[in-house]
Amino acid sequence: MKSTAALCCHLLETSARAPTGKVYGTSRRMTSTLSTSFTLIPNQKYRRSSRHSKSFCGTVDTDSESLSTLGNFKALPLEIFQMVLKYLPVKDISMLSMVSKAISNRLINYISTSSGNRRLLLQDFHNLEITGKREGSCILEHYRSLGLLLKRCTLLLPTKDRLKYIHKILSEVSCFKLSGCPSPLQCLGLQCYGVFLQTLTAGWDELECHRVFNFLCELSNLPRKVQTVVSSKPGSARKLELRIRLFCRSVLLNHWIHRSDSAFWLTRILKPWPMVNQARLLYIIFGPVSSLNGHVVWQKMIEGPTDETSLKGLADAIKLLYDTEAKEWTADDVISLVDELSVVPREWLMENNARLLILSGNNICFTFMASKAVNGRAVELARLVVFLALVCEKDLYCMDWAVKMMQKVCKVFSTPGERNNFLQSVENAFAHMIMDMLQSVMSGDRDEEDSSFLNLFHLVNAQSNFHKEILYLTMRSTST
């Protein structure tokens, strides 16, 4: 074994120095070619139009020019060459693929063989002892290296042919399919598929990534399955909701480094659907789930106040779409999506709305509130201000933030009369909410946690601290 490994290293080194070998690059600069369309592919040829598609037939080029680019490897029979590959890490094999086209073809042939498949397509996805531990990271790293290998081996092919060949290689791995694994929550398959695709498509331009998304939709039948869950009663297709959530997050969204890439893929998922369906789909992908079975918890926002953990995924997704990186979304689009989300599956508690807005950041929160001011919804806006103050009190945020946000919104009103009516509505909202909570406490309807009294306690403190900050602000302005 030692002599074979030594021979392998020597041949790899000398072949890499061969003057006739051509070295191929592995990445291309990202260029933005689309501005408004999202899944439609123009019927015209693009940058790979001059390349000739070539089917992978399992044979090696035997002409003299091809043999000359094999370097010292031309002295080895094909069987010995493939034996040598068994001693190389996948990263080194991907480096070897850049030496020449002839060697790249030999590697393609090796990948297509049964021995190459067994070596490269590791499928230890369900070992519960390694999931999430160091060994779990190792299998993810293996598929990242495999993505780089196939990226380099298929570099000269049009995108359509690259995808067909890669699908042919990976099609036998059932855990890479949307509904292929019987126990998806205990499986690393979709995560491995995701890091593989991320490595494969890194640096591809947007048109090519559109083709990748369309290809994946065709293979997984994703649009039809999404149609099923967004048009059905929430929770009636719980297993399908779970599989769509895992596929979208593990394969398409979780592994990107740059926010622009994450925004691109999230846009691909959401944009084909009407706004009401976008909100439902966003909740399926990022909403709270049960810790027992992973199913989406649809009643979480309706039955009572929730915590930051349940809302963080939704807030991060909203911020991603609001960023300038998400070129296909306007501020009005995102605010409309937030408004639609607040009634999925029915109208949320206002406290949960307020908490989501706070987690979504100042810009989104202000824009959402300003849209209500402009549209004459001052009473609704006043109640929202009260709940922002309540969340600040409960979650220990600075109360001056809520006061400054209200002060900023006041400038949106066009007349002093509208502004004064809004401020009066804020005071009325505080009073009405305190009276309602007090009545609930006095009625004696208390649960084990005595939540009615606790909510009243927080609201009274919120009102006190809110007005204290207003007094501080007023005194500072008069003293100057």
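The model shown is predicted, which means the values in this text are computed figures rather than measured ones.

Here we look at a nonpolar patch on the surface
(1) Moving on: On the surface, M435, L438 and M442 cluster together into a nonpolar patch covering about 330 Å² of accessible area.
(2) Moving on: Among the secondary structure elements, M442 is positioned in helix α22 (residues 416–442).
(3) Moving on: Residue classification places M442 among the exposed residues on the basis of a relative accessible area of 65%.

Regarding the nonpolar core
(1) Moving on: Formed by 142 residues in total, the largest nonpolar core has its most connected members in F125, Y143, F196, L314 and F466.
(2) Moving on: In terms of residues, this core owes the most to one element, helix α20 (residues 378–395), which gives twelve residues.

Re the pattern of salt bridges
Opposite charge on two side chains permits them to pair, given that their charged atoms come into close proximity.
(1) Moving on: The final tally for this structure, using the stated rule, is 15 salt bridges.
(2) Moving on: The residue K404 makes a salt bridge to D400 at a minimum N-O spacing of 3.7 Å. Placement of both K404 and D400 in helix α21 (residues 399–410) is noted, with a separation of four residues, approximately one turn of the helix.
(3) Moving on: For K404, a relative accessible area of 45% puts it in the partly exposed group.
(4) Moving on: Overlapping salt bridges bring together D339, K372, R377 and E380 as one network.

Focus on the packing of aromatic side chains
(1) Moving on: What the rule picks out here adds up to eleven aromatic pairs.
(2) Moving on: Ring geometry for Y283 versus W348: centroids 6.5 Å apart, planes at 65°, classification edge-to-face. Of this pair, Y283 sits in helix α14 (residues 275–286) while W348 sits in the loop between α17 (331–341) and α18 (350–360); the two residues are 65 residues apart in sequence, bridging distant segments of the chain. The pair formed by Y283 and W348 is uniform in burial state, with each residue classed as buried.
(3) Moving on: A centroid spacing of 5.6 Å and a plane angle of 45° characterise the contact between F430 and F466, whose relative ring orientation is tilted. Highlighted residues: F430 in helix α22 and F466 in helix α23 (residues 451–479), separated in sequence by 36 residues. Both residues of the pair, F430 and F466, count as buried.
(4) Moving on: The structure contains a cluster of three or more aromatic residues connected by ring pairs, namely F125, Y143, F176 and Y193.
(5) Moving on: When the ring centre of F81 is taken as origin, the NZ or CZ atom of R106, which lies over that ring, is 5.5 Å away.
(6) Moving on: Taking the ring centre of W298 as reference, the NZ or CZ of R280 above it sits at 5.8 Å.

Remarks on the confidence of the model for the chain
(1) Moving on: Looking at the chain as a whole, the pLDDT averages 85, with 81% of positions reaching at least 70.
(2) Moving on: This stretch, residues 1–7, has a pLDDT under 50; its non-local contacts, to residues over four places away or in other chains, come to two contacts.
(3) Moving on: Considering only residues more than four positions removed or in separate chains, one finds that residues 11–65, a stretch of pLDDT under 50, has 108 contacts.

Quick look at helix α11 (residues 222–231)
(1) Moving on: L222, V226, V229 and V230 are the residues of α11 that are buried. End-on view of α11: buried residues confined to an arc of 95°, all on one side of the axis. Exposed side chains of α11 directed beyond 90 degrees from the buried face belong to R224 and S231.
(2) Moving on: Packing partners of the buried residues in α11 comprise α10 (206–220), α12 (238–253) and α14.

Conventions used here
Residues numbered from 1 in each chain as written. Predicted model: local features only at pLDDT ≥ 70, side-chain atom pairs only at ≥ 80, totals over all residues. Heavy atoms only, no water. Patch = residues over 30% accessible without salt bridge, like charges linked within 9 Å, V, L, I, M, F, W, Y side chains within 5 Å. Areas by Shrake-Rupley, 256 points an atom, 1.4 Å probe, with all protein chains shown as cover. Salt bridge = Lys/Arg side-chain N within 4 Å of Asp/Glu carboxyl O. Helix = DSSP H or I, 4+ residues; strand = E, 2+ residues; numbered from the N terminus. Buried < 20%, exposed > 50% of the residue type's maximum accessible area, 1.4 Å probe, protein only. Core = buried A, V, L, I, M, F, W, Y, C linked by side-chain atoms within 4.5 Å. Phe/Tyr/Trp six-rings, centres within 6.5 Å; stacked < 30°, edge-to-face > 60°. Lys NZ or Arg CZ within 6 Å of the ring centre and 35° of its normal. pLDDT = per-residue confidence, 0-100. Contact = heavy atoms within 4.5 Å. Arc of directions from axis to C-beta.

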